[in-house]
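Working through the structure, step by step
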Amino acid sequence: MTDVTGAPADVLHTLFHSDQGGHEQVVLCQDRASGLKAVIALHSTALGPALGGTRFYPYASEQEAVADALNLARGMSYKNALAGLDHGGGKAVIIGDPEQIKSEELLLAYGRFVASLGGRYVTACDVGTYVADMDVVARECRWTTGRSPENGGAGDSSVLTAFGVFQGMRASAQHMWGDPTLRGRKVGVSGVGKVGHHLVDHLREDGAEVVITDVRAESVRRILDRHPSGVTAVADTETLIRTEGLAIYAPCALGGALNDETVPVLTARIVCGAANNQLAHPGVEKDLADRGILYAPDYVVNAGGVIQVADELHGFDFDRCKAKATKIFDTTLAIFARAKQDGIPPAAAADRIAEQRMAEARRH
């Protein structure tokens, strides 16, 4: 059995005995008629109902899917805590290729499983799921966010996710160079899909030079057509992270981007991106610090989307959400300050602050 990094793992041991565990509840869901196989993981409800997206992905095994759900749910607890939301962390994964098996019947079946939790879990979009999918899920489950405006939702959450990452980059630049602007800096963005293409817009507006890559050629072409100057493309992430003169590297695709192979060859001084679970294993943050690379914790800077979907539960207001997402700048700076004060990497400092908020909630 392996986890998402390929390392040996026992899911039950992870759940009950490891530092990565501590989850309150894990639900395995199956609907044979529609072909649905899903995992819903609730890490914590200390701050309120668990909130997190639904990932639809062709995992190599059921064990890998469970491991991913556990990791992602735990990350959501920390993300929601540091975003100041009254929500715990949860995540769901649907096993399979969405291009092949996604159907209305399957999404409705999934909605019934989420509804069966009675509000302990609030779902939303993630990799492989979209606003239109949440509209279908919501027909069976009122605890669904990320819906279309026509169906009482906020629409695409990637807009504020990108805005929050941009605020994290500004804070990182402030900490590293004493100036929050990215003008004249070279920023590498790996993954220019849902979130990445909005991030490129912010970077260009701020005067940054941008280098991009994506496994989908059409995504790259869209960016180059939109930004005929100031943006260049490279063949792959391996090339991107080795680009000379890179100031910031932004992983905006799947997790595990920072690992034993990539960290030693990074040319960037800062890593700040939208992808979840960027650190392949717990020792990576120290490797980054040892190389003098500033890491802006992923779950802090990519919280704009969850801020947006959480607001749906209270009657969505974009300006209110954007104001909250703007605070990611201050939160990121506070984490860097705590890291310096405690003599620990920023990822560990962020964890301490989030754990403190969750522990205080449990005491009340």
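Everything below is about the structure printed above this text.
My aim in this report is to walk through the structure given alongside it, one point at a time.

What counts as what
Residues numbered from 1 in each chain as written. Predicted model: local features only at pLDDT ≥ 70, side-chain atom pairs only at ≥ 80, totals over all residues. Heavy atoms only, no water. Helix = DSSP H or I, 4+ residues; strand = E, 2+ residues; numbered from the N terminus. Contact = heavy atoms within 4.5 Å. Axes fitted to C-alpha atoms, helices over the stretch in contact; angles between N-to-C directions. Parallel < 35°, antiparallel > 145°, perpendicular 65-115°, else oblique. Nonpolar A, V, L, I, M, F, W, Y, C, P; charged D, E, K, R; others polar. Pairing = 2+ DSSP bridges. Salt bridge = Lys/Arg side-chain N within 4 Å of Asp/Glu carboxyl O. Buried < 20%, exposed > 50% of the residue type's maximum accessible area, 1.4 Å probe, protein only. Left-handed = near helix turned anticlockwise from the far one by under 90°.

**Some details on the environment of G48**
- When you line up the elements, G48 lands in the loop between strand 2 (36–44) and strand 3 (50–51).
- Distance in space between the C-alpha atoms of G48 and R183 is 40 Å, their sequence separation being 135 residues.
- Excluding anything up to four places from it in sequence, G48 contacts D86, H87 and G88.

**A short note on the packing of helix 13 (residues 318–326) against helix 14 (residues 328–342)**
- Orientation of helix 13 relative to helix 14, taken along the N-to-C sense of each, is 20°, at an axis distance of 5 Å. It follows from the interaxial angle that helix 13 and helix 14 lie roughly parallel. The segment helix 13 lies against helix 14, with K324, A325 and T326 engaging I328, F329 and D330.
- Grouping the amino acids of the contact of helix 13 with helix 14 by side-chain chemistry returns three nonpolar, one polar and two charged.

**A short note on the sheet that holds strand 11 (residues 270–271)**
- Read from one edge of the open sheet, six strands run 9-8-7-10-11-12, paired in parallel fashion. Only two strands of the sheet have a single partner each, and these edge strands are strand 9 (231–233) and strand 12 (294–295).
- With four bridges connecting them, strand 7 (residues 186–190) and strand 10 (residues 248–251) associate as parallel partners. When the sheet's bridge partners are listed, V189 is paired in strand 10 with A250.
- Packed on one face of the sheet, helix 8 (residues 217–226) meets strand 8 (209–213) and strand 9 and runs near 155° to strand 9.

**Here's the deal with the pattern of salt bridges**
- Throughout the structure, instances matching the rule amount to 17 salt bridges.
- Between R338 and D342 there is a salt bridge, and its shortest N-O distance comes to 2.7 Å. With R338 and D342 both in helix 14, this residue pair falls four residues apart, about one helical turn.
- For R338, a relative accessible area of 23% gives the class partly exposed.
- Looking at D342, the relative accessible area reads 26%, which means it is partly exposed.

**Structural notes on the packing of helix 6 (residues 158–177) against helix 14**
- Taken N-terminus to C-terminus, the directions of helix 6 and helix 14 make an angle of 40°; their axes are 8 Å apart at the nearest point. Between helix 6 and helix 14, the interaxial angle falls into the category oblique. Relative to helix 14, helix 6 is oriented so that their crossing is right-handed. Seen from helix 6, the contacting residues are G164, Q167, G168, R170, A171, S172, Q174 and H175; seen from helix 14, they are I328, F329, T332, L333 and F336.
- Looking at the contact of helix 6 with helix 14, its residues break down into five nonpolar, seven polar and one charged.

Shape descriptors only; they carry no functional weight alone.
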